[in-house]
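Close look at the chain arrangement
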Number of protein chains: 2
Amino acid sequence: MPLHLRILNDVEKRILSGEWPPGHRIPFEHELTVQYGCSRMTVNKALTDLVKKGLIERRRKAGTHVSFPHVQFAVMEIHDLRREVQALGLPYRYEIVSLKPRRARREDNARLDLAAGASVLEIVCDHFAGDRPFCHEERLINLAAVPEAAKETFEEGPPGTWLLGKVPWSSAEHRIRAEAAKAKIASALSIPTGSACLVVERTTHYSGLQITHVIFTYPGDRHELVAQFAHG
Amino acid sequence: MPLHLRILNDVEKRILSGEWPPGHRIPFEHELTVQYGCSRMTVNKALTDLVKKGLIERRRKAGTHVSFPHVQFAVMEIHDLRREVQALGLPYRYEIVSLKPRRARREDNARLDLAAGASVLEIVCDHFAGDRPFCHEERLINLAAVPEAAKETFEEGPPGTWLLGKVPWSSAEHRIRAEAAKAKIASALSIPTGSACLVVERTTHYSGLQITHVIFTYPGDRHELVAQFAHG
DNA sequence: TAGTGGTCTAGACCACACA
DNA sequence: GTGTGGTCTAGACCACTAT
C-alpha cells in the first residue's frame, strides 16, 4: 500500500473511531512528515484527499481540524441496465417494443419541456434478466438535441447505453416513487395489474437543453436501489 | 487559479463537451507538461483527481482514456421527516405507537446483526402531515450502542431526530424499493391493503457498530425521492 | 510577524503492461 | 525491452491568517 494511503487510512480511522472528535486539531504536516519519515508532499496528498472526503478542514496558520458533521447526502449508484442484470449472474437481453419519430404533443410537456410540434423520438423498450422481464422503459428523445438518434435502430445496444456514448455528458434529475402497475406495464413485466412497482424517472440535460426523459419501471419486489451515506 | 485546476478544468471541459468522447485517449503526462510548461507532478495531480471523479481511466503503458459511463452517481438529500412535511406547508405531527425494550430475536438479524439475546429498543411510530398519515416508521435501536435510548420517551421529537442529535458521526446504507402495503401498514397509513408503497430501509453505523435499523413506509402516490445526477 | 497550508519543481525509482 | 503511470523526494516560494 502506498504511503499516502496509509497515512490517509490512519487518520481516517482515528476520526471515524471517535479518537479524534469533530473540532480536534490533527498534527501539522511537518509533524506527520517526522512520524512517517516522508516528505511533506506525501503527507499533503493524504490530507488533501481527506478534505475532498469532507472529513477534515484546513486553514493556513490555524492548522487542520476534524470537520463537524454538516448535511449528509446519500450517494446512489445507478447502473447501466446491462451491468445491473449481469451483476445478478443472469444473461441480459432487451427488446425494442416500439420506435416512433413524431411531433411533440401537449401531454409530453410533463416529460420534456419542448416547443409544440418539436420532433421527438418515442421509444418503448423491455429489458430482461434471463427470460424474466426486469425493467420496462419508456423514453422520449429530443431530436433537436440529438438529431442522429432519428436514424438509430438501437440494435447494438439499448437507447440508454447508446445515448451515454453519443451525447456529451450531462446532468440529470431523478425522481423515485412507488406506483401500482397499469395494465400495459403489468403485461410487459408479467406481473399482476396493480402490483407495486419501483419507478425511476430521469430527465437528462446538456448545456441547458433537455436531451431525453425516461421512465424505468421495475417490479417492486425484484429491484432495490442502494444508496450510501456520504459525509458532506 | 492553480495550474493543476486549470489543467483539470480544461480536460474536463473537453470531455463534457463531447470533444473527447468515451474511449478517446487523452495526451500523455509528458505531452501535457510541455503544453502547460509545468512539471509532471502538476499534470499528475490533475489527472489523478479526474480519475477520482470517474471521468478518466488510466493504465500503465496504455495511457489515459475517457471513461465509458457505466454508473451514475445520483446524490440524494435525506430529509428529516419534520422538515419534509413542513416543506409541504403542512403541520407536522408524530405518534409513538409502541415502545418496547426487549431481547433480540432470530428474525431481527435481517435488520441488525446482533448477538442472540442482545438488548434492543423496538419503536413503531407514525408521522402525519396535517391529519393525513405521511409515513409509517418501524425502528430497532441497538441498546448496546446507544444505552441512553432505554430511558427515552421520544416526547420531544421522533426517534430519528433524537438519534441524529445523540450519535454524531454515522454512516448509513439505504435500500429503496416498492412494496405492496400489508394490512397493518395499510391501516396505519389509511390506504387500501396492497397499495404500492415506497419503502426506505436504513441501517446506521457508528465506528463499526450498528446503531439502528429503520423502515420508513410512504404511500407511493404521495411521496417522491429526488436525486441529482453526478458523473460516474 | 511568524507559522501554516497551497502549490510547484526537477528530478528519481519502480510496477505494470504491451511489444 | 520499452513506455506508461504511480509514487516519492527535498527542496522552494507564495498566500493566508492568527496573534
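None of these values were measured; they are calculated from a predicted model.

1. Comments concerning the packing of aromatic side chains
Residues and elements named next belong to chain A. Taken as a whole and assessed by the stated rule, the structure comprises six aromatic pairs over all chains. Aromatic side chains Phe134 and Tyr218 sit 5.8 Å apart centroid to centroid with 90° between the ring planes, which places their arrangement in the edge-to-face category. Highlighted residues: Phe134 in strand S7 (residues 132–142) and Tyr218 in strand S10 (residues 209–219), separated in sequence by 84 residues. When the ring of Phe154 is compared with that of Trp162, the centres are 5.4 Å apart and the planes differ by 85°; the resulting orientation is edge-to-face. No difference in accessibility class separates Phe154 from Trp162, as the two residues are buried. Of note, Arg25 hangs over the ring of Phe28, and the distance from its end group to the ring centre comes to 4.1 Å.

2. Overview of the protein's contact with DNA strand C
In the neighbourhood of DNA strand C, 23 residues make up the surrounding shell, with Arg40(A), Met41(A), Leu3(B), Ser39(B) and Thr42(B) lying closest. When atoms of DNA strand C within 4 Å of the protein are sorted by moiety, sugar and phosphate together comprise 61%. A distance of 3.0 Å separates a sugar or linking oxygen of DNA strand C from a polar side-chain atom of Lys61(A). Taking Arg60(B), its side chain carries an N or O atom lying 2.9 Å from a base nitrogen of DNA strand C. Looking at the surface near DNA strand C, the elements with two or more residues in it are helix H2 (29–36), helix H3 (40–53), strand S2 (56–59) and strand S3 (63–66) of chain A together with helix H1 (3–16) and helix H3 (40–53) of chain B. Looking at side-chain class alone, the surface near DNA strand C contains six nonpolar, eight polar and nine charged residues.

3. Let's talk about the nonpolar core
Met76(A), Ile176(A) and Ile176(B) are the most contacted members of the largest nonpolar core, which has 63 residues in total. What Ile176(A) contacts, discounting residues up to four positions off in sequence, is Met76(A), Leu198(A), Val199(A), Val200(A), Leu225(A), Ile176(B), Leu198(B), His223(B), Glu224(B) and Leu225(B). Residues Leu8(B), Leu32(B), Cys38(B) and Ala46(B) belong to the second largest nonpolar core, which totals 17 residues.

4. Considering H2(A)
Residue and element names in this part refer to chain A. Every buried residue belonging to H2 is among Glu29, Leu32, Thr33 and Tyr36, and all of these are buried. Down the axis, H2 shows its buried residues gathered within 105° of arc, on one side only. Residues His30, Val34 and Gln35 are exposed on H2 and point more than 90 degrees away from its buried face. At the C-terminal side of H2, Gly37 shows a positive phi close to 60°.

5. Some remarks on the pairing of S3(A)
All names here are of chain A. Judged from the two bridges that link them, strand S1 (residues 25–26) and S3 form a sheet pairing that is antiparallel. By the bridge assignment for S3, Ile26 is matched with Thr64. Bridge count between S2 and S3: four bridges; the pairing is antiparallel. The partner of Glu57 across the bridge, within S3, is His65. Between S2 and S3, which pair antiparallel in sequence order, lie three residues; one of them, Lys61, sits at a positive phi of approximately 70°.

6. Observations regarding the domain arrangement of chain A
Each domain of chain A was delimited in the assignment, giving domain 1 (3–66) and domain 2 (75–231). Taking only C-alpha atoms, the centre of domain 1 of chain A and the centre of domain 2 of chain A are 43 Å apart.

7. Brief notes about the pattern of salt bridges
A complete count under the given rule lists 31 salt bridges over all chains for this structure. Arg177(A) is the partner of Glu201(A) in a salt bridge, and the nearest nitrogen-oxygen pair spans 2.6 Å. On the criterion of sequence distance, the pair formed by Glu201(A) in strand S9 (residues 196–206) and Arg177(A) in strand S8 (residues 171–180) is long-range, its members being 24 residues apart. One salt-bridge network, in which partners are shared between bridges, spans Glu173(A), Arg175(A), Arg177(A), Glu179(A), Glu201(A) and Glu224(B).

8. Some points on unusual backbone geometry
In this structure, Phe154(A) takes a positive phi of about 55° despite not being glycine. Mapped onto the elements, Phe154(A) comes out in the loop between S7 and helix H5 (159–166). Phe154(A) sits in the buried class, given a relative accessible area of 1%. Positive phi, normally seen in glycine, also occurs at Lys61(B), with a value near 70°. Here Lys61(B) shows up in the loop between strand S2 (56–59) and strand S3 (63–66). Classification of Lys61(B) as exposed rests on a relative accessible area of 86%.

9. Things to note about the sheet that holds S2(B)
Residues and elements named next belong to chain B. Strand order in the open sheet formed by three strands is S1-S3-S2, with antiparallel pairing between adjacent strands. The open sheet is flanked by strand S1 (25–26) and S2, the only strands paired with a single partner. Across the sheet, H3 lies against S1 and S2, angled at about 115° from S2, the strand it touches most.

10. Remarks on the state of the cysteines
Residue and element names in this part refer to chain B. Counting across every chain of the model gives zero disulfides over all chains. In this model Cys135 remains outside any disulfide bridge; the closest cysteine sulfur is found in Cys125, 8.4 Å from its own. Given the relative accessible area of 1%, Cys135 is considered buried.

11. Here we look at the interface of chain A and chain B
Facing the 55 residues of chain A at the interface are 53 residues of chain B. Carbon and sulfur atoms make up 58% of the surface buried where chain A meets chain B, a total of about 4,600 Å² over both sides. Summed over the shared surface of chain A and chain B, the number is six salt bridges. Here Lys52(A) makes a salt bridge to Asp49(B), at a shortest N to O gap of 3.2 Å. Our count for the contact surface shared by chain A and chain B stands at nine residue pairs in polar contact (both at pLDDT 80 or more). Among the elements of the structure, H3, strand S4 (72–79), H5, S8, S9 and strand S11 (225–231) of chain A are those that each provide at least two residues to the side of chain A that touches chain B. The greatest single-element share of the side of chain A that touches chain B, amounting to 10 residues, is contributed by S8(A). Of the residues contributing to the side of chain A that touches chain B, the split by class is 27 nonpolar, 15 polar and 13 charged.

Cut-offs used in this document
- Residues numbered from 1 in each chain as written.
- Chains lettered and ligands numbered in written order.
- Predicted model: local features only at pLDDT ≥ 70, side-chain atom pairs only at ≥ 80, totals over all residues.
- Heavy atoms only, no water.
- Phe/Tyr/Trp six-rings, centres within 6.5 Å; stacked < 30°, edge-to-face > 60°.
- Helix = DSSP H or I, 4+ residues; strand = E, 2+ residues; numbered from the N terminus.
- Buried < 20%, exposed > 50% of the residue type's maximum accessible area, 1.4 Å probe, protein only.
- Lys NZ or Arg CZ within 6 Å of the ring centre and 35° of its normal.
- Near = heavy atom within 4 Å.
- Polar contact = N/O pair within 3.5 Å; in protein donor to acceptor, adjacent residues only side chain to side chain.
- Nonpolar A, V, L, I, M, F, W, Y, C, P; charged D, E, K, R; others polar.
- Core = buried A, V, L, I, M, F, W, Y, C linked by side-chain atoms within 4.5 Å.
- Contact = heavy atoms within 4.5 Å.
- Arc of directions from axis to C-beta.
- Pairing = 2+ DSSP bridges.
- Domains from an automatic or database assignment.
- Salt bridge = Lys/Arg side-chain N within 4 Å of Asp/Glu carboxyl O.
- Axes fitted to C-alpha atoms, helices over the stretch in contact; angles between N-to-C directions.
- Disulfide = S-S within 2.5 Å.
- Buried area = accessible area lost by both parts, 1.4 Å probe.

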